[in-house]
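Each chain, letter by letter, is given below.
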Amino acid sequence: TAIATGRERLRAVRGDQLTLEVFVSQHEQPAQEHPQHAEHTLVATGARLLRLAEPVQMGSIDAFVSHSWRDSPEDRWAALSRWREGFVHEHGREPVLWIDACCIHSAELEIPLLPIFLASCRSMLVLSGPTYLTRMWTVAELFMFEHMHAQTDGRSAIARGMVQMIVLPGGPSLEDLRTFDARQCRCLYQ
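Residues numbered from 1 in each chain as written. Predicted model: local features only at pLDDT ≥ 70, side-chain atom pairs only at ≥ 80, totals over all residues. Heavy atoms only, no water.

Novice: Explain helix α8 (residues 136-149) to me, using residue names and the numbers behind them.
Specialist: The terminal C-alpha atoms of α8 lie 20 Å apart, and with 14 residues this matches the ideal 20 Å at 1.5 Å per residue to within 8%. Residues of α8 that are buried make contact with β3 (63-67), α7 (114-119), β5 (124-128) and β6 (163-167). (Helix = DSSP H or I, 4+ residues; strand = E, 2+ residues; numbered from the N terminus. Expected span 1.5 Å × (residues − 1). Contact = heavy atoms within 4.5 Å.)

Rendered as structure tokens:
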């Protein structure tokens, strides 16, 4: 079943294992003079990042990190680093995080398991840069998390504080969610 497969493939990474490389590895970059070299570098970097994550139990992940690959890697890294410091100060331990670059081995096999990965996280950390609400993928993550964690009494995950949004320079805030239009979002290759 999908749930059994999701449990088998669920992985997470400790906050102190992450570096800026997590966000630079897949940030859109201009075409290289030798594209095959760039692809080899991405594959090597991706394999290194995947080794950082370890199998975990459902419900043991502190936060699902939602972000747009089109936003500044440095801004995303600085925001995640500040959040991590606060988490360690408050909880006395490193956060356990689900972040795509480290936790997805095969997009074809694991993207359909995204709802299971989202349900396994106690909270969502949104790194909201200028393109966050323009990307269909990030909006879908937020939508799924909200609906999977909503209470039967109608209280939303956002209202209960399960979604923390860090606004990056030029990025939208939680208030902007009220007025954004999903029809304006772009898909992966747009």
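Having seen the structure, we can now continue with the description.
Novice: Give a detailed account of the nonpolar core, specifying residues and quantitative values.
Specialist: One finds Leu80, Trp98, Cys102 and Leu127 to be the most contacted residues of the largest nonpolar core, which totals 49 residues. Among all residues touching tryptophan 98, those that are not within four sequence positions of it are Leu10, Arg11, Ile61, Ala63, Phe64, Val65, Cys103, Ile104, Leu114, Phe117 and Cys121. (Core = buried A, V, L, I, M, F, W, Y, C linked by side-chain atoms within 4.5 Å. Buried < 20%, exposed > 50% of the residue type's maximum accessible area, 1.4 Å probe, protein only.)

Novice: Describe the sheet that holds strand β4 (residues 96-98), naming the residues involved and giving the relevant values.
Specialist: In spatial order, the strands read β2-β1-β4-β3-β5-β6; together these six strands make up an open sheet with mixed pairing. In this open sheet, the two strands that pair with only one neighbour each are β2 (54-55) and β6. In this structure, β3 lies alongside β5, joined through four bridges in parallel fashion. If you follow phenylalanine 64 over to β5, its bridge partner there is methionine 124. (Pairing = 2+ DSSP bridges.)

Novice: Account for the side chain of serine 128, with residues named and values stated.
Specialist: Structurally, serine 128 is set in strand β5. Here serine 128 is in contact with Met165, Ile166, Val167, Leu168, Gly171 and Pro172, once residues within four sequence places are set aside.

Novice: I'd like a description of the pairing of β5, backed by residues and values.
Specialist: Most of β5 is tucked away: five of the five residues are buried. Burial along β5 is two-sided: the face carrying Met124, Val126 and Ser128 and the face carrying Leu125 and Leu127 are both buried. Taken together, the five bridges between β5 and β6 define a ladder with parallel strand orientation. Counted as the bridge partner of leucine 127 is isoleucine 166 from β6.

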